[in-house]
Amino acid sequence: MTTVTLDTRRAETGGLPLGAALALAALSGGLLALSYSLNPLWPAAWLAPAPVLAAAVAGPRGRTWLLGAVMGLIGGVTTLSYYLSVPGPVATAIIMLLHVLLWGGAVRFAASMTRRLPLAVAVFALPALLAGAETLVLAMSPHGSAGSLAYSQMDALPAIQVAAFGGIPAVVFLVLTPGAWLGLAAGRLMGAELSWRGLIAAGAVVVAVTGAALGYGVWRLGQAETGPRLAVAMLATDHFAREPEDWGTVWAVYGPAAERAAPAGGILVLPEKIALLSTAQAQVAAGQVADLARRRGATVLVGLEVRDGAGRYRNQAVLAQPDGRVTLYDKQHPVPGLEARDIPGRSDLVVPSSAGRVGVAICKDMHFPDLGRGYGGRGAGLMLVPAWDFVRDAWLSDRLTALRGVESGYAIVRATREGISSLSDSRGRILAEGMSGPGMTLVTGMAPTARTPAVYGRVGDLFGWLCLAGCAGVMALSPRAGRGSRSAPLRAPSPRRRPS
């Protein structure tokens, strides 16, 4: 009989050199930065976990958090100047700190699970923890889903279709899973004590899960949109630098173009806050918009900021229907800080149209999947969204909004200043788009109006909460590494044998 012992002191200092490990973490950070960019490169997110996980499992356990923190810090570089200019320095510092803590903890957790669980389960540790973290952000952040890794995939249409089941957390889980397996396999090649048999089993599970999700995405994209379509037009200009306070000046620019663009029997959408008006001026403006809607036989939506006699502000959308009726909607999620003076609205707006039910939201509202899901529950098959972007975030702001349509099963008409106006369908496809400029930009299309039922509309972020609960359960119930040879670092020297 023989007894196997391990020289754990040597093992703790062995494995991948620290410099090489940090280089791999930096590579993951670079891929993550490309994924979080305002104009992301979608394949980068699929590969991002691989280098850092390889380094984490091929070296001493004590450095795993550091490697993830380096990845998270570098991952925030591409959006740093944007966050400094929009939410401000304090919010930026908080965002960067959360990046570091989140990715540091995720990499440490994922590496530790390779010692506690079968690899076919452990491979999902990082995707599940990040999906759970996204769920917490959705529940707690005043910015909603802004900044989510899921938006890196808006050009990878088959991948984002899982949002119809599990929303943003499901997209994040899917995207990170293949890279997690690649990282473990690469770590084994670098000397990590991971079983090839376990890795092959984990790879088979990953291929099955990823293949099923992408196969569903391809199938869903191949399903034809049914139901009536409605002519829509989006009209926008960057001619005005801020919010003009003279309605006559504004309507002199927009009015003639709107007269030509409003489709009879269809819908015309203008941007958010095209003017800052008193309550009396806003009533005049609403009357002129209603006159246009009657003359053209169209539904017309215009965004205004309204200041009442008590000095209270509301970010408002004026919806005029062909019969002259006017309905007002107040933005429910003003941008923190930038729109602190605006009183938030408290109710959704859904109105009937000739082709089905139509919902109204304003810009930042569409950063919140629960609001988008609420509109789907009220039967909206088409959303109208006036917006105002920041030029540099034009692509991301537009695609972010389009994902609400995938989650909740409706098309979206979005008209914006200093950004991209677009028509997207319930699969996230962009059917028409145009970038605003100093002249008048007109975008037209035929919008699907039949709502596509989505599981996410009924269950919400259940998938993300299950991921979070699963991670918490594993941490609480799984046996801690630290007994026998399993407690040794993932790269250990050959055992010495002695007779007994």
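Residues numbered from 1 in each chain as written. Predicted model: local features only at pLDDT ≥ 70, side-chain atom pairs only at ≥ 80, totals over all residues. Heavy atoms only, no water.

Caption draft 1: Representation of the overall build of the chain in the model. Of regular secondary structure, the chain possesses 18 helices and 15 strands. With respect to the three principal axes, the spread of C-alpha positions in the chain is 100 × 45 × 35 Å. Taken across its 500 residues, the chain has 57% of its residues classed as buried. Nonlocal contacts in the chain, meaning residues at least 24 apart in sequence, comprise 74% of its contacts between residues at least 6 apart. (Helix = DSSP H or I, 4+ residues; strand = E, 2+ residues; numbered from the N terminus. Buried < 20%, exposed > 50% of the residue type's maximum accessible area, 1.4 Å probe, protein only. Contact = heavy atoms within 4.5 Å.)

Caption draft 2: Inspection of the packing of aromatic side chains at higher detail. Overall, the coordinates contain 6 aromatic pairs when judged by the stated rule. Consider the rings of Phe173 and Phe463, whose centres lie 5.4 Å apart with planes at 85°: the pair is edge-to-face. Note that Phe173 is positioned in helix H11 (residues 163–189) and Phe463 in helix H18 (residues 462–477), a separation of 290 residues in sequence. Phe173 sits in the buried class, given a relative accessible area of 14%. Geometry around Tyr456 places Arg373 over its ring, the cationic atom sitting 5.1 Å from the centre. (Phe/Tyr/Trp six-rings, centres within 6.5 Å; stacked < 30°, edge-to-face > 60°. Lys NZ or Arg CZ within 6 Å of the ring centre and 35° of its normal.)

Caption draft 3: Quick look at the packing of helix H9 (residues 125–140) against H11. Two elements in contact, H9 and H11, have axes separated by 8 Å at closest approach and are oriented at 155°. Judged by the inter-axis angle, H9 sits roughly antiparallel to H11. Note on packing geometry: the crossing formed by H9 with H11 is right-handed. Two secondary-structure elements touch here, H9 through Leu126, Pro127, Ala128, Leu130, Ala131, Glu134, Thr135 and Leu138 and H11 through Ile168, Pro169, Val172, Phe173, Leu176, Thr177 and Ala180. (Axes fitted to C-alpha atoms, helices over the stretch in contact; angles between N-to-C directions. Parallel < 35°, antiparallel > 145°, perpendicular 65-115°, else oblique. Left-handed = near helix turned anticlockwise from the far one by under 90°.)

Caption draft 4: The arrangement of the nonpolar core in detail. Trp103, Leu126 and Leu403 are the most contacted members of the largest nonpolar core, which totals 77 residues. Element by element, the count of residues in this core is highest for H11, at 11 residues. Setting aside residues up to four positions removed in sequence, Leu126 forms contacts with Pro49, Leu53, Trp103, Ala106, Val107, Ala110 and Leu176. Val358, Met383, Val385 and Leu423 belong to the second largest nonpolar core, which has 37 residues in total. (Core = buried A, V, L, I, M, F, W, Y, C linked by side-chain atoms within 4.5 Å.)

Caption draft 5: Layout of the sheet that holds strand S10 (residues 382–388). Across the sheet, which stays open at both edges, the 6 strands sit in the order S8-S9-S10-S11-S12-S13 with mixed pairing between neighbours. Two strands close off the open sheet at either side, each with one partner strand: strand S8 (349–353) and strand S13 (430–435). Shown here is a sheet whose adjacent strand axes are inclined to one another by a mean of 15°, direction ignored. In terms of strand pairing, S10 meets strand S11 (residues 411–417) through 7 bridges, oriented parallel. The residue bridging Val385 from the neighbouring strand is Arg414, located in S11. (Pairing = 2+ DSSP bridges.)

Caption draft 6: Highlighting the confidence of the model for the chain. Across the chain, pLDDT averages 92, with 93% of residues at or above 70. Counting contacts from residues 1–13, a segment whose pLDDT is below 50, to residues more than four positions away or on other chains yields 29 contacts. Scored below 50 in pLDDT, residues 481–500 shows 54 contacts in the model against residues more than four places distant or in partner chains. (pLDDT = per-residue confidence, 0-100.)

Caption draft 7: Inspection of the pattern of salt bridges at higher detail. All told, the structure shown has 20 salt bridges when counted by the stated rule. Ionic pairing is found between Asp348 and Arg378, a salt bridge with its closest N-O pair at 3.0 Å. In this pair, Asp348 is assigned in the loop between strand S7 (326–330) and S8 and Arg378 in the loop between helix H15 (369–377) and S10, connecting sequence segments 30 residues apart. Between Arg414 and Asp389 there is a salt bridge, and its shortest N-O distance comes to 2.7 Å. Highlighted residues: Arg414 in strand S11 and Asp389 in the loop between S10 and helix H16 (394–408), separated in sequence by 25 residues. Across the pair, Asp389 and Arg414 agree in class, each one buried. Residues participating in the shared-partner salt-bridge network are Glu272, Lys273, Lys331, Glu339 and Asp342. (Salt bridge = Lys/Arg side-chain N within 4 Å of Asp/Glu carboxyl O.)

Caption draft 8: How the structure looks around the packing of H9 against H18. Contact geometry for H9 and H18: axes closest at 7 Å, N-to-C directions at 125°. Regarding the angle of H9 to H18, the classification is oblique. Crossing geometry of H9 relative to H18 is assigned as left-handed. Contact with H9, carried on its side by Ala125, Ala128, Leu129, Ala131, Gly132, Ala133, Thr135, Leu136 and Ala139, involves Gly464, Trp465, Cys467, Leu468 and Cys471 of H18 and no other residues of that element. Residues belonging to the contact of H9 with H18 are distributed by class as follows: 11 nonpolar, 3 polar and no charged. (Nonpolar A, V, L, I, M, F, W, Y, C, P; charged D, E, K, R; others polar.)

Caption draft 9: How the structure looks around the side chain of Thr135. With respect to the helices and strands, Thr135 occurs in helix H9. Engagement of the side chain of Thr135 in a polar contact is seen with the backbone oxygen of Ala131, the distance being 2.9 Å. Those residues in contact with Thr135 that lie beyond four places of it in its chain are Pro169, Asp461, Gly464 and Trp465. (Polar contact = N/O pair within 3.5 Å; in protein donor to acceptor, adjacent residues only side chain to side chain.)

Caption draft 10: Quick peek at unusual backbone geometry. Notably, Lys273 is not glycine yet its phi reads approximately 50°, a positive angle. Looking at the element boundaries, Lys273 is found in the loop between strand S3 (267–269) and strand S4 (276–278). Although it is not a glycine, Cys363 adopts a positive phi angle of roughly 40°. Considering the arrangement of structural elements, one finds Cys363 in the loop between strand S9 (356–360) and H15.

Caption draft 11: Region of the structure containing helix H14 (residues 279–296). Its 18 residues give H14 an end-to-end C-alpha distance of 26 Å, which sits within 8% of 26 Å, the value for a rise of 1.5 Å per residue. At the C-terminal side of H14, Gly297 shows a positive phi close to 65°. (Expected span 1.5 Å × (residues − 1).)

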